Protein chains: 2
Amino acid sequence: MKHPLRNVLLIVEYDGTNYCGWQSQAKGVSIQSLIEKAIGKILGKRSPALASGRTDAGVHAHAQPVNVRGHFPMDDATLLRALNSMLPPDIAIKSALTVAPDFHAIRNAKWKTYRYQIWNSTEKSALNARTAWHVVSPLNLAAMKKGAAAMVGKHDFSSFQGAHSSIKGTVRTIISLEIKRRDELMTVEVTANGFLKQMVRNIVGTLVEMGRGRMEPERMKEIISAKDRTKAGPTAPPQGLFLVNVEY
Amino acid sequence: MKHPLRNVLLIVEYDGTNYCGWQSQAKGVSIQSLIEKAIGKILGKRSPALASGRTDAGVHAHAQPVNVRGHFPMDDATLLRALNSMLPPDIAIKSALTVAPDFHAIRNAKWKTYRYQIWNSTEKSALNARTAWHVVSPLNLAAMKKGAAAMVGKHDFSSFQGAHSSIKGTVRTIISLEIKRRDELMTVEVTANGFLKQMVRNIVGTLVEMGRGRMEPERMKEIISAKDRTKAGPTAPPQGLFLVNVEY
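Worth saying up front: this structure is predicted, and the values here are computed from it rather than measured.

J.: Which residues make up the relation of the copies chain B and chain A, and what are the values?
T.: Structural alignment of chain B on chain A gives an RMSD of 0.0 Å, achieved by rotating through 180° and translating 0.0 Å along the axis. Each copy turns onto its partner about a two-fold axis. By C-alpha distance to the rotation axis, the residue of chain B lying nearest is B:Arg130, at 5.7 Å. Mapped onto chain A, 100% of the interface residues of chain B again fall at the interface, so both copies present the same surface.

Here it is in structure tokens:
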């Protein structure tokens, strides 16, 4: 009996520390390759797993939506358990749901939310080492919030785009950019209709320059209008970044 | 110039995942050995690092007090930075303080607090894999709280002592044992004047049996009075356990 072709949306959680990123690369183990290998065992042949977006090496996900198509010989709940039993502890399928044949995790994404964690203390933290950027200088929350407020809205974010990007349009809409602090742990949470390459890490790197007092928050509008990557701050390291949610 | 002998109290945070435990063993790398090696580089000779208590392989610490003695050629703040620069990212010294010569991290401990994390969900969690025990069966919080309440107070906890313990007295006083739930994550937090070998993991293993409905919470008093390890539940795995605080 041939099972019908299904388009299954997987929601995947991962600790990216040990991987070369979501996407398969020449070097290193990718999260994509491990999911495709597990799917391959179930289907008897390899089938592509398409995520809502790539995440860099060391970046994590609470909920990365991933599309897989195939003649699966089991229901969604059984597929979810089978996949989880084949994946290492740092990759977990949170849900599996058969969706419409034309649903596409990349193209149909409306809003994405990323969270970035900063460990702001003179001393490092062992329990946050894999999941936060350690910034030693005390950060001025008010200055960072001021800089962040100027980013909200529809802008050309070329100044915050990583090098070697092949993308054409660089206009995106940020609908919220919130910064919070709880003792030594700061979080920057940003929601937009899409993100350029390394955009969140470049935003965080720039806001941290403002928090350190090295850059005036009033300059944010000017940095955006410059459309010049060299005007913004450095790229924050990957381990503080989490893909939190994608809305369709 | 000879520097005076000092007794320094270090507060150490660690992610125990990659270690054979606090104490040096024949096999594996211990947290103690790495700290002693770093101290040895500063002093020019090895000196013992004595913790408030051992933690097993895979167990973590937010704040493990550790005594080190030596003719340190720098002040406490410089010692702290020097040690942190020599230790791997998953071990961090949070503070260093010169204390009275007779202060002893083990003998002077009055109260210790441990926290245990349970990921209670049908699906595993990638981001909690290193720091929580995954329990699939839904746990009944009320039953667990009932069992926990019967443990508070001064008791002989032989029923919760791991095998091969050489300790003589088995009476301890639990001053609080609290269980909380936030979505899928449960925490068991216990404070006592001391703990027997694997006592927290055996308490959690027993409370989880009650939460699963396999053991009646009303039986807790009887389990304690039996002074028999086979009457209590199984030992919970190490990765959910954190040494949180030691009071002197």
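J.: Residues and numbers for the packing of aromatic side chains, please.
T.: The relative placement of two aromatic rings is captured by the distance of their centres and the angle of their planes. Going through the model one piece at a time under the given rule, you end up with 10 aromatic pairs over all chains. Ring geometry for A:Phe103 and A:Tyr248: centres 4.8 Å apart, planes at 65°, overall edge-to-face. Separated by 145 residues along the polypeptide, A:Phe103 in the loop between β4 (91-99) and β5 (111-120) and A:Tyr248 in the segment after β10 (241-247) bring together distant segments of the chain. With 6.3 Å between their ring centres and 65° between their planes, B:Phe157 and B:Phe160 make a pair best called edge-to-face.

J.: Could you give an account of the packing of helix α3 (residues 141-149) of chain A against helix α4 (residues 199-212) of chain A, naming the residues involved and the relevant values?
T.: Any two packed helices are characterised by how steeply their axes cross, that is the angle between the axes, and by the distance between the axes. Residue and element names in this part refer to chain A. Contact geometry of α3 with α4 gives a least axis separation of 7 Å together with a crossing angle of 140°. Taken together, the axes of α3 and α4 are oblique relative to one another. Seen along the crossing, α3 lies across α4 with a hand that is right-handed. Residue-level contacts link Ala143, Met144, Gly147 and Ala148 of α3 to Leu207, Val208, Met210 and Gly211 of α4. Its residues placed into classes, the contact of α3 with α4 shows 6 nonpolar, 2 polar and no charged.

J.: Kindly report on the environment of A:Ala82, identifying the contributing residues and their values.
T.: Residue and element names in this part refer to chain A. As for its position among the elements, Ala82 is in helix α2 (residues 76-86). For Ala82, a relative accessible area of 18% corresponds to the buried category. Residues Ala82 and Lys41, spaced 41 residues apart in sequence, show a C-alpha to C-alpha distance of 9.9 Å. Setting aside residues up to four positions removed in sequence, Ala82 forms contacts with Ile42 and Met74.

J.: Can you break down the nonpolar core residue by residue, with the values?
T.: The biggest cluster of nonpolar side chains holds 66 residues, and the ones touching the most others in it are A:Leu10, A:Ile35, A:Ile118 and A:Phe160. Split by domain, the residues of this core number at least three in each of domain 1 (6-99) and domain 2 (111-247) of chain A. Setting aside chain neighbours within four positions, we find A:Leu10 in contact with A:Ile35, A:Gln64, A:Pro65, A:Val66, A:Val68, A:Leu83, A:Ile93, A:Ser95 and A:Ala96. B:Ala148, B:Ile174, B:Met210 and B:Ile224 belong to the second-largest nonpolar core, a separate cluster that totals 65 residues.

J.: Now, about the domain arrangement of chain A: what can you tell me, with residues and values included?
T.: All names here are of chain A. Assigned domains within chain A: domain 1 (6-99) and domain 2 (111-247). One C-alpha centre belongs to domain 1, the other to domain 2; they are set 27 Å apart. Between domain 1 and domain 2, the residue contacts involve 16 residues of the former and 15 residues of the latter. Of the roughly 1,200 Å² buried between domain 1 and domain 2 on both sides combined, carbon and sulfur atoms contribute 52%. Per-residue buried area on domain 1 facing domain 2 is highest for Val59, His60 and His62; these three make up 41% of the total on that side. Where domain 1 packs against domain 2, one counts 2 salt bridges. Between Arg201 and Asp56 there is a salt bridge whose closest N-O contact spans 2.8 Å.

J.: How would you explain α2(A) if you had to name every residue and give the values?
T.: Those residues of α2(A) that fall on the buried side of the exposure criterion are A:Asp76, A:Leu79, A:Leu80, A:Ala82, A:Leu83 and A:Asn84. Contacts from the buried residues of α2(A) go to β1 (6-14), α1 (31-43) and β4 of chain A.

J.: Give me the interface of chain B and chain A: which residues, what numbers.
T.: The accessible area lost on association of the parts is a frequent measure of interface size. On the side of chain A, 27 residues touch chain B, which itself brings 27 residues to the contact. Both faces considered, chain B and chain A share a buried interface measuring about 1,900 Å² in area, 53% of it formed by carbon and sulfur atoms. Our enumeration of links across chain B and chain A arrives at 2 salt bridges. Residue B:Glu123 pairs with A:Arg81 through a salt bridge whose shortest N-O separation is 3.1 Å. For the pair chain B and chain A, the number of links is 20 residue pairs in polar contact (both at pLDDT 80 or more). At the level of secondary structure, the elements contributing two or more residues to the side of chain B that touches chain A comprise β1 (6-14), β3 (60-70), α2 (76-86) and β4 (91-99) of chain B.

J.: Can you lay out the confidence of the model for chain A for me, pointing to particular residues and giving the numbers?
T.: Counting all residues, the mean pLDDT for chain A is 95, and 100% of those residues have values of 70 or more. Across the predicted assembly, pTM comes out at 0.91 and ipTM at 0.88.

J.: Which residues make up the packing of α1(A) against α2(A), and what values do they have?
T.: Residue and element names in this part refer to chain A. Taken N-terminus to C-terminus, the directions of α1 and α2 make an angle of 125°; their axes are 9 Å apart at the nearest point. On the basis of their axis angle, the class for α1 and α2 is oblique. α1 and α2 meet at a crossing whose hand is right-handed. Facing α1, whose interface residues are Ala38, Ile39, Lys41 and Ile42, α2 presents Leu79, Ala82, Leu83 and Met86. A class-by-class count of the residues in the contact of α1 with α2 yields 7 nonpolar, no polar and 1 charged.

Scoring rules and cut-offs
Residues numbered from 1 in each chain as written. Chains lettered and ligands numbered in written order. Predicted model: local features only at pLDDT ≥ 70, side-chain atom pairs only at ≥ 80, totals over all residues. Heavy atoms only, no water. Least-squares fit on C-alpha atoms with pLDDT ≥ 70 in both. Contact = heavy atoms within 4.5 Å. Phe/Tyr/Trp six-rings, centres within 6.5 Å; stacked < 30°, edge-to-face > 60°. Helix = DSSP H or I, 4+ residues; strand = E, 2+ residues; numbered from the N terminus. Axes fitted to C-alpha atoms, helices over the stretch in contact; angles between N-to-C directions. Parallel < 35°, antiparallel > 145°, perpendicular 65-115°, else oblique. Left-handed = near helix turned anticlockwise from the far one by under 90°. Nonpolar A, V, L, I, M, F, W, Y, C, P; charged D, E, K, R; others polar. Buried < 20%, exposed > 50% of the residue type's maximum accessible area, 1.4 Å probe, protein only. Core = buried A, V, L, I, M, F, W, Y, C linked by side-chain atoms within 4.5 Å. Domains from an automatic or database assignment. Buried area = accessible area lost by both parts, 1.4 Å probe. Salt bridge = Lys/Arg side-chain N within 4 Å of Asp/Glu carboxyl O. Polar contact = N/O pair within 3.5 Å; in protein donor to acceptor, adjacent residues only side chain to side chain. pLDDT = per-residue confidence, 0-100.

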